[in-house]
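# A look at the structure
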Amino acid sequence: MIIKIDFNSDEAIYMQITNQIIMGIAKRQICDGDQLPSIRNMADEIGINMHTVNKAYTVLRQAGYVIDNSSKQIENELILAKRERYKIEAIEEIRRELSVTLAKAGCMHISKEEIHELVDEIYNKHLSDVQN
């Protein structure tokens, strides 16, 4: 798994990791049943502190994207979870985030049509091959 960190970004490193894994899941580059690298291996590969990777994995675990696989004696590795049970919570989270994003767009006089174009562009770029 290749995670690219922008050390000059304002976005926290753990969020960059989290978001890249989520994008990998959405694009089906990472599938249910795949194992993510151990915390130690991921930290070594990227050249960052293990606590940063642990924080990213914790966020993914709490959001239902991954489950802890420690019961299989594979230390610090995670395996992707089925996410159907988290769909309702995900919709509500997206609704909250979109509300703020759309409020920002309104403040900048971005039209409904422009927002729809952006959504279509982003969907086609990242999610068009994802099936329900």
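Up top is the structure these notes are about.
Predicted model, so just to flag it, every value in this text is computed and none were measured.

### Regarding the overall build of the chain
Assigned secondary structure in the chain consists of five helices and two strands. Mapped from its N terminus to its C terminus, the chain presents α and β elements in the order α-α-α-β-β-α-α. Evaluated residue by residue, the chain yields a buried proportion of 23% over its 132 residues. The long-range fraction of contacts in the chain, counting pairs at least 24 apart against all pairs at least 6 apart in sequence, stands at 50%. Accessible area for the chain stands at about 9,500 Å²; split by element, carbon and sulfur atoms hold 52% of it.

### Focus: the packing of aromatic side chains
This structure, assessed with the given rule, holds zero aromatic pairs. Seen from the ring of Y14, K55 lies directly overhead, with NZ or CZ sitting 4.3 Å from the centre.

### Some words on the packing of helix α1 (residues 13-26) against helix α3 (residues 50-62)
In contact at an axis separation of 8 Å, α1 and α3 are set at 45 degrees when each is read in the N-to-C sense. Relative to α3, the element α1 is oriented oblique. When you trace α1 past α3, the crossing you get is right-handed. Along its contact with α1, which presents I13, Y14, I17, T18, I21 and I22, the element α3 presents T52, V53, K55, A56, Y57, V59 and L60.

### Topic: the packing of helix α2 (residues 39-46) against α3
Packing of α2 against α3 leaves a shortest axis separation of 8 Å and a crossing angle of 120 degrees. As the angle between them shows, α2 and α3 are arranged oblique. The crossing of α2 and α3 is right-handed. Each of I39, R40, M42 and A43 in α2 lies in contact with α3, whose residues at this interface are M50, V53, N54 and Y57. Of the residues in the contact of α2 with α3, the class split is six nonpolar, one polar and one charged.

### So, a negative patch on the surface
Together, E113, E114, E117, D120 and E121 make up a region of like negative charge exposed at the surface. One can find E114 in helix α5 (residues 112-126). Overall, the relative accessible area of 39% leaves E114 in the partly exposed class.

### Considerations on the side chain of Q16
Turning to its location among the elements, Q16 is positioned in helix α1. Exposure remark for Q16: the relative accessible area of 6% places this residue in the buried category. In contact with Q16, not counting residues within four places along its chain, are K4, I5, D6, S9 and E11.

### Remarks on the nonpolar core
If you look at the biggest cluster of nonpolar residues, it comprises 17 residues, and the most contacted ones within it are I3, I17, I21, M42, I46, V53 and Y57. Of all the elements in the fold, those that place two or more residues in this core are α1, α2 and α3.

### Examining the environment of F7
Position of F7 relative to the elements: it lies in the segment before α1. Residues contacting F7, with those up to four places away along its chain left out, are I13, I46 and I48.

### Here's the deal with a nonpolar patch on the surface
Together, I94, L98 and L102 make up an exposed nonpolar region whose accessible area comes to about 250 Å². Its place among the elements puts L98 in helix α4 (residues 87-107).

Thresholds applied
- Counting restarts for each chain: residues are numbered from 1 in the order of the written sequence.
- A pLDDT threshold of at least 70 governs which residues receive local features in this predicted model, and a stricter bar of 80 or more applies before side-chain atom pairs are shown or counted, although totals over entire chains, interfaces and linings include all residues.
- Excluding hydrogens and water, the side-chain figures rest on all heavy atoms present in the structure.
- Going along the chain from the N terminus, every DSSP run of H or I of four or more residues is numbered as a helix, and every run of E of two or more is numbered as a strand.
- The buried label applies to any residue whose accessible area, calculated with a 1.4 Å probe on protein chains only, is under 20% of its type's maximum; exposed applies above 50%, and partly exposed to all values in between.
- Any two residues having at least one pair of non-hydrogen atoms within 4.5 Å are treated as being in contact.
- Note on areas: these come from Shrake-Rupley sampling with a 1.4 Å probe, and a residue is covered only by the protein chains present in the view.
- Two aromatic rings from Phe, Tyr or Trp, using only the six-membered ring of Trp, form a pair when their centres are within 6.5 Å; if the ring planes differ by under 30 degrees the pair is stacked, by over 60 it is edge-to-face, and anything between is tilted.
- Only when the NZ atom of a Lys or the CZ atom of an Arg is both within 6 Å of the ring centre and within 35 degrees of the ring normal do we say a charge sits over the ring.
- Geometry is summarised by axes, namely lines fitted to C-alpha atoms with helices restricted to the contacting stretch, and by angles between N-to-C directions that run from 0 to 180 degrees.
- Geometric relationships in this document are graded by angle, where less than 35 degrees denotes roughly parallel, more than 145 denotes roughly antiparallel, 65 to 115 denotes roughly perpendicular, and other angles denote oblique.
- Whether a crossing is left-handed or right-handed is set by the direction in which the near helix is turned from the far one by less than a right angle, anticlockwise for left-handed and clockwise for right-handed.
- Side-chain classes follow a simple rule in which Ala, Val, Leu, Ile, Met, Phe, Trp, Tyr, Cys and Pro form the nonpolar group, Asp, Glu, Lys and Arg form the charged group, and the remainder, Gly included, forms the polar group.
- A patch is a set of surface residues, each over 30% in relative accessible area and not in a salt bridge, joined within 9 Å for like charges and within 5 Å for the nonpolar side chains Val, Leu, Ile, Met, Phe, Trp and Tyr.
- Any carboxyl oxygen of Asp or Glu that lies within 4 Å of a side-chain nitrogen of Lys or Arg is treated as forming a salt bridge with it.
- Positive charges come from Lys and Arg, negative ones from Asp and Glu, while His and the chain ends are left out of the count.
- For the purpose of locating charges, the reference atoms are NZ of Lys, CZ of Arg, CG of Asp and CD of Glu.
- We call a set of buried residues a nonpolar core when its members are Ala, Val, Leu, Ile, Met, Phe, Trp, Tyr or Cys and they connect through side-chain atoms within 4.5 Å of each other.

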